[in-house]
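Structure at a glance
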Amino acid sequence: MSFVPKLYLYKCCPFCIRVQLIARVKNYKIEEIVLAYDDEANPMRMIGAKQVPILEYEENKYMAESLDIVKYIDNYDGNAIVTVSENRKELNDWFQQSLLIRSKLTIPRLMNANLPEFNQQSSIDYLINKKKSFIGSFDECLQQTSTLLEQINNYLNQLEQLIISHTNVNGSNSNSNSNSNSNSNFSYDDVSLFPTLLCLTFVRGIIFPTKVNEYLQYFCKLAQLPTFISS
């Protein structure tokens, strides 16, 4: 019986969603295994660090770092479809400038989102202790929801101007692998942007502008991943 690669992940993790996207587009067969959020022992055993995603690509052989895994899966058949990042300053700035607002909105809601990585109270406690140094009190973040929603909606309106096409944020497949017959060419910018937007669907009250929503829905269909809640 041949070995089936295993992807160890959290459902809420945008870095894991990067790998789910490319695996599903490339029809790369993997078994998805959700780890408990407070499970340190298994990641340490596999890669020497407490992080996900982890790809067990051969039995007892592991790979970490989401973009390395994406590149590995994209190239496994010699027919890569993901093009290089265009490294657009305005897009990079958007990621950095919106990071804290996005985190304050999404992270405190994870433990109530019926996710398997938070089935145990110990995992919820681990999340709170791990993230409070970055976003502060979870209760205070929730109390600031109205202000944070206004801020993230402003950021999404800015992003609306940066999305050139709903199938590729940069609007061009010109750098795609010439040997690829796929109609699903996208860039590493999309590999980063789609999971970021998908994780925002943990939050009710966010208004996705037209192009942003079209982009999100296109990649949800491509990745066969639903939004987390109905926006």
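Remember, predicted model here, so these are calculated numbers, not experimental data.

A word on the side chain of Asn185. If you trace the backbone, Asn185 turns up in the loop between helix H7 (145-160) and strand S6 (186-187). Side-chain polar atoms of Asn185 contact the backbone oxygen of Ile81, separated by 3.2 Å.

Here we come to helix H1 (residues 14-25). Between the first and last C-alpha of H1 there are 17 Å, a value that for 12 residues agrees with the 16 Å anticipated at 1.5 Å per step. The buried count for H1 comes to nine of 12 residues, which makes it a mostly enclosed element. Every buried residue of H1 is listed here: Cys16, Ile17, Arg18, Val19, Gln20, Leu21, Ile22, Ala23 and Val25. Among the residues trailing H1, Asn27 stands out with phi positive, at a value near 55°.

On to the nonpolar core, then. Counting residues in hydrophobic clusters, the biggest one holds 72 residues, and the most contacted among them are Ile152, Leu156, Leu159, Phe186, Phe194 and Leu197. Sorting elements by how many residues they give to this core places helix H8 (residues 188-200) first, with eight residues. Residues within four places of Leu159 in sequence aside, it is in contact with Leu91, Trp94, Leu193, Leu197 and Val212.

Moving on: the environment of Leu159. Looking at where Leu159 falls in the secondary structure, it is placed in helix H7. Classification of Leu159 by relative accessible area gives buried; the value is 0%. Separated by 49 residues in sequence, Leu159 and Phe208 place their C-alpha atoms 9.8 Å apart.

A few words now on the packing of H1 against helix H3 (residues 66-75). Two elements in contact, H1 and H3, have axes whose closest approach is 9 Å; the angle formed by their N-to-C orientations is 5°. With respect to each other, H1 and H3 are oriented roughly parallel. Along the contact surface, H1 presents Phe15, Arg18, Val19, Ile22 and Ala23, while H3 presents Ser66, Leu67, Ile69, Val70, Ile73 and Asp74. Here the residues of the contact of H1 with H3 sort into eight nonpolar, one polar and two charged.

It is worth spelling out the packing of H1 against helix H9 (residues 210-223) at this point. For any two helices packed against each other, one specifies the inter-axial angle together with the distance between the axes. Closest axis-to-axis distance for the H1/H9 pair is 8 Å, and the angle between their directions is 60°. Judged by the angle between their axes, H1 and H9 are oblique. Judged by residue contacts, Leu21, Arg24 and Val25 of H1 engage Phe219, Leu222 and Ala223 from H9. Each residue belonging to the contact of H1 with H9 can be placed in one class, and the counts come to five nonpolar, no polar and one charged.

Let us look at the environment of Gly48. Here Gly48 lies in the loop between helix H2 (41-47) and strand S3 (54-58). Take Gly48: its relative accessible area is 47%, and that puts it in the partly exposed class. Measuring from C-alpha to C-alpha, the distance between Gly48 and Ala64 comes to 9.9 Å, with 16 residues separating the pair along the chain.

Here we take up the confidence of the model for the chain. For the chain, the average pLDDT comes to 93, and 94% of its residues sit at 70 or higher. Residue range residues 174-183 is modelled with pLDDT below 50. Its contacts to residues more than four positions away, or to other chains, number 13 contacts.

Two aromatic rings, taken as a pair, are described by how far apart their centres are and by the angle between their planes. Within this structure, the stated rule accounts for 11 aromatic pairs. A ring pair is formed by Tyr37 and Tyr126, whose centres lie 5.9 Å apart and whose planes are at 75°; its orientation type is edge-to-face. Here Tyr37 is found in the loop between strand S2 (31-34) and H2, whereas its partner Tyr126 is found in helix H5 (residues 121-135), with 89 residues between them in sequence. As far as the burial class goes, Tyr37 and Tyr126 line up, both buried. Seen from their ring centres, Phe186 and Phe219 are 5.7 Å apart, and the 80° between their planes marks the pair as edge-to-face. Of this pair, Phe186 sits in strand S6 while Phe219 sits in helix H9, placing them 33 residues apart in sequence. Residue classification places Phe219 among the buried residues on the basis of a relative accessible area of 0%. Members of the aromatic cluster, each reached through a chain of ring pairs, are Phe186, Phe194, Tyr215, Tyr218 and Phe219.

Attention shifts here to the pairing of strand S1 (residues 6-9). By the alternation rule, side chains of S1 split into Lys6 and Tyr8 and Leu7 and Leu9, which are all buried. Direction of pairing for S1 relative to S2: parallel, over a ladder of four bridges. The residue of S2 that forms the bridge with Leu9 is Val34. Following the backbone out of S1, through H1 and into the adjacent parallel S2, one traces a crossover that is right-handed. Relative to S3, S1 is paired through three bridges, and the arrangement is antiparallel.

Conventions adopted
- Each residue is numbered by its place in its chain's sequence as written, counting from 1.
- For a predicted model such as this one, the threshold for reporting local features is a pLDDT of at least 70, and the threshold for listing and counting side-chain atom pairs is 80 or more; totals across whole chains, interfaces and linings nevertheless cover every residue.
- For side-chain calculations, the full set of non-hydrogen atoms in the structure is used, while hydrogens and water are omitted.
- Secondary structure follows DSSP: runs of H or I at least 4 residues long count as helices, runs of E at least 2 residues long count as strands, and numbering of each begins at the N terminus.
- N or O atoms within 3.5 Å of each other form a polar contact, as long as, within protein, one can give a hydrogen and the other can take it, and as long as residues adjacent in sequence are counted only when both atoms are side-chain atoms.
- A helix is expected to reach a length of 1.5 Å times the quantity of its residues less one.
- Exposed residues in this analysis have more than 50% of their type's maximum accessible area, buried residues have under 20%, and partly exposed residues fall in between, with area computed by a 1.4 Å probe over protein chains only.
- Take the buried residues of types Ala, Val, Leu, Ile, Met, Phe, Trp, Tyr and Cys, join any two whose side-chain atoms come within 4.5 Å, and each joined set is a nonpolar core.
- Here, two residues are considered to be in contact whenever any of their heavy atoms come within 4.5 Å of each other.
- Every axis corresponds to a line fitted to the C-alpha atoms, with the helix fit spanning only the stretch in contact, and the corresponding angles, defined between N-to-C directions, vary from 0 to 180 degrees.
- Oblique is the label for every angle not falling under 35 degrees (roughly parallel), over 145 degrees (roughly antiparallel), or within 65 to 115 degrees (roughly perpendicular).
- Residue classes follow a fixed rule: Ala, Val, Leu, Ile, Met, Phe, Trp, Tyr, Cys and Pro count as nonpolar, while Asp, Glu, Lys and Arg count as charged, and any other residue, Gly among them, counts as polar.
- What pLDDT expresses is the predictor's confidence in each residue, scored from 0 to 100.
- In summary, the pairing rule links any two rings of Phe, Tyr or Trp, Trp by its six-membered ring, whose centres are within 6.5 Å, and it sorts them by plane angle into stacked for under 30 degrees, edge-to-face for over 60 and tilted for everything else.
- For two strands to be treated as a pair, DSSP must find no fewer than two bridges joining them.
- Convention used here: a crossover is right-handed provided that the path from the first strand, over the helix, to the second strand proceeds clockwise when the strands point away from the viewer.

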